[in-house]
Amino acid sequence: MKILSIDTATQAASCAVIEDDKLLGEITYNYKKQHSVILMTIIDTLLKNVNTSIDDIDGFVVSKGPGSFTGLRIGMSTIKGLSQGTNKPFVGISSLDALAYNLAYTDGIICPILNALRGNVYTALYVFNGVRFEKLTEYLLISIDELFALIKEYNKPVTFIGDGISIFKENIENSLLDVKLAPTHLNIARAAALGELGLKKLLKGDFDDLFTSAPTYIRKSQAEREYEEKTGKDVND
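Residues numbered from 1 in each chain as written. Predicted model: local features only at pLDDT ≥ 70, side-chain atom pairs only at ≥ 80, totals over all residues. Heavy atoms only, no water.

With respect to the packing of aromatic side chains
Part 1 of the reasoning: Inspection of every chain in the model, using the stated rule, returns five aromatic pairs.
Part 2 of the reasoning: Here the aromatic rings of Y126 and F133 are separated by 6.0 Å at their centres, their planes lie at 75°, and the arrangement is edge-to-face.
Part 3 of the reasoning: On the accessibility criterion, F133 (22% relative accessible area) is partly exposed.
Part 4 of the reasoning: An angle of 80° between the planes, with centres 4.9 Å apart, marks the rings of F128 and F133 as edge-to-face. (Phe/Tyr/Trp six-rings, centres within 6.5 Å; stacked < 30°, edge-to-face > 60°. Buried < 20%, exposed > 50% of the residue type's maximum accessible area, 1.4 Å probe, protein only.)

Here it is, written out as structure tokens:
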């Protein structure tokens, strides 16, 4: 099975083509480029460089978040368009799951952290048992200090991964004892890791619905929060 996966959950834009157990190619940019400007270009470039047309793709994988609201919407709408246009299935995979998967076979707790601004992070806690991941928590939006307190409850070594490391590195090292930080090249959301997880779902026939699938935001958008502050009404009422 040959799949195309994209991750636009963070500042980085990443695209990969995987065929069965082989990564054919991957392009990742992490330099202040708008996803709406570069995403289709890198998809087209990658497909050409691995001698593949969009009709050769058997399924699609997209990051469903959490992460940048705009980035997630761009990624989801792009994959839905490709899925509908080719009549091929797609699946959404958590950006946190994909980051944690970069540290498969790591001992102790694996803790991906994505910057959520104002001292907060998107996160979840994982352990790798044998050949599979176990998620210890739900997907969370919490302050970095709340995360430290949560980790201490488990009394296990922890390895952090994600773009939040560059922001909270000093806090992490000063607040926790048995801690490791993933190397720089692993801290970017990668379409290859996302694609490998998505391929497993596609092979099982566990597809997402074109009309009901949506990004996982965890929190309301800035526009929604500003509306509620101004009107005193819940945007969902």
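That covers the picture; the talk isn't over yet.
Some points on the packing of helix α4 (residues 144–152) against helix α5 (residues 165–175)
Part 1 of the reasoning: Where α4 contacts α5, the axes come no closer than 11 Å and their chain directions differ by 35°. Judged by the sense of rotation from one axis to the other, the crossing of α4 with α5 is right-handed. Contacts between α4 and α5 pair I144, F148 and K152 from the former with F168, N171, I172 and S175 from the latter.
Part 2 of the reasoning: Each residue belonging to the contact of α4 with α5 can be placed in one class, and the counts come to four nonpolar, two polar and one charged. (Axes fitted to C-alpha atoms, helices over the stretch in contact; angles between N-to-C directions. Helix = DSSP H or I, 4+ residues; strand = E, 2+ residues; numbered from the N terminus. Left-handed = near helix turned anticlockwise from the far one by under 90°. Contact = heavy atoms within 4.5 Å. Nonpolar A, V, L, I, M, F, W, Y, C, P; charged D, E, K, R; others polar.)

Focus on the side chain of K2
Part 1 of the reasoning: Here K2 lies in strand β1 (residues 2–7).
Part 2 of the reasoning: Buried and without a salt bridge, K2 has E19 as its closest oppositely charged side chain, separated by 4.2 Å.
Part 3 of the reasoning: A polar contact is formed between the side chain of K2 and the side chain of T52, at a distance of 3.3 Å.
Part 4 of the reasoning: Those residues in contact with K2 that sit more than four places away from it in its chain are V17, I18, E19, L24, T52, D56, I57, D58 and G59. (Lys, Arg positive; Asp, Glu negative; His and termini not counted. Salt bridge = Lys/Arg side-chain N within 4 Å of Asp/Glu carboxyl O. Polar contact = N/O pair within 3.5 Å; in protein donor to acceptor, adjacent residues only side chain to side chain.)

A look at the packing of helix α1 (residues 35–49) against helix α2 (residues 69–86)
Part 1 of the reasoning: At a closest axis distance of 10 Å, the pairing of α1 and α2 adopts a crossing angle of 35°. You can see that α1 and α2 cross each other, and the crossing is right-handed. Mapping the contact onto sequence places H35, S36, L39, M40 and I43 in α1 and G71, I74, G75 and T78 in α2.
Part 2 of the reasoning: Here the residues of the contact of α1 with α2 sort into four nonpolar, five polar and no charged.

Comments concerning the confidence of the model for the protein
Part 1 of the reasoning: Mean pLDDT over the protein stands at 91; residues scoring 70 or higher make up 92%.
Part 2 of the reasoning: Segment residues 220–229 is flagged for pLDDT under 50; beyond a separation of four residues in sequence, or across chains, it makes 17 contacts in the model.
Part 3 of the reasoning: In the model, residues 233–237 has pLDDT below 50 throughout and makes nine contacts with residues more than four positions away in sequence or in other chains. (pLDDT = per-residue confidence, 0-100.)

Considering α1
Part 1 of the reasoning: In this model α1 runs 20 Å from its N-terminal to its C-terminal C-alpha over 15 residues, within 8% of the 21 Å that 1.5 Å per residue would give.
Part 2 of the reasoning: Here α1 has its buried residues at H35, I38, L39, I42, I43, L46 and L47. End-on view of α1: buried residues confined to an arc of 160°, all on one side of the axis. Among the exposed residues of α1, those oriented more than 90 degrees off its buried face are V37 and K48.
Part 3 of the reasoning: Taken together, the buried residues of α1 touch β1, β2 (13–19), β3 (22–29) and α2. (Expected span 1.5 Å × (residues − 1). Arc of directions from axis to C-beta.)

Section: unusual backbone geometry
Part 1 of the reasoning: That bond from G65 to P66 is cis: its omega, 5°, falls within 30 degrees of zero.
Part 2 of the reasoning: Mapping P66 onto the fold places it in the loop between β4 (59–65) and α2.
Part 3 of the reasoning: A positive phi is found at D20, a non-glycine position, where the angle reads about 55°.
Part 4 of the reasoning: Inspection of the secondary structure assignment puts D20 in the loop between β2 and β3.
Part 5 of the reasoning: Residue class for D20 comes out partly exposed when judged on its relative accessible area of 42%.
Part 6 of the reasoning: Located in the positive-phi region is N87, a residue other than glycine, with phi close to 60°.
Part 7 of the reasoning: Considering the arrangement of structural elements, one finds N87 in the loop between α2 and β5 (90–94).
Part 8 of the reasoning: Taking relative accessible area as the criterion, N87 reaches 70% and is therefore assigned exposed.

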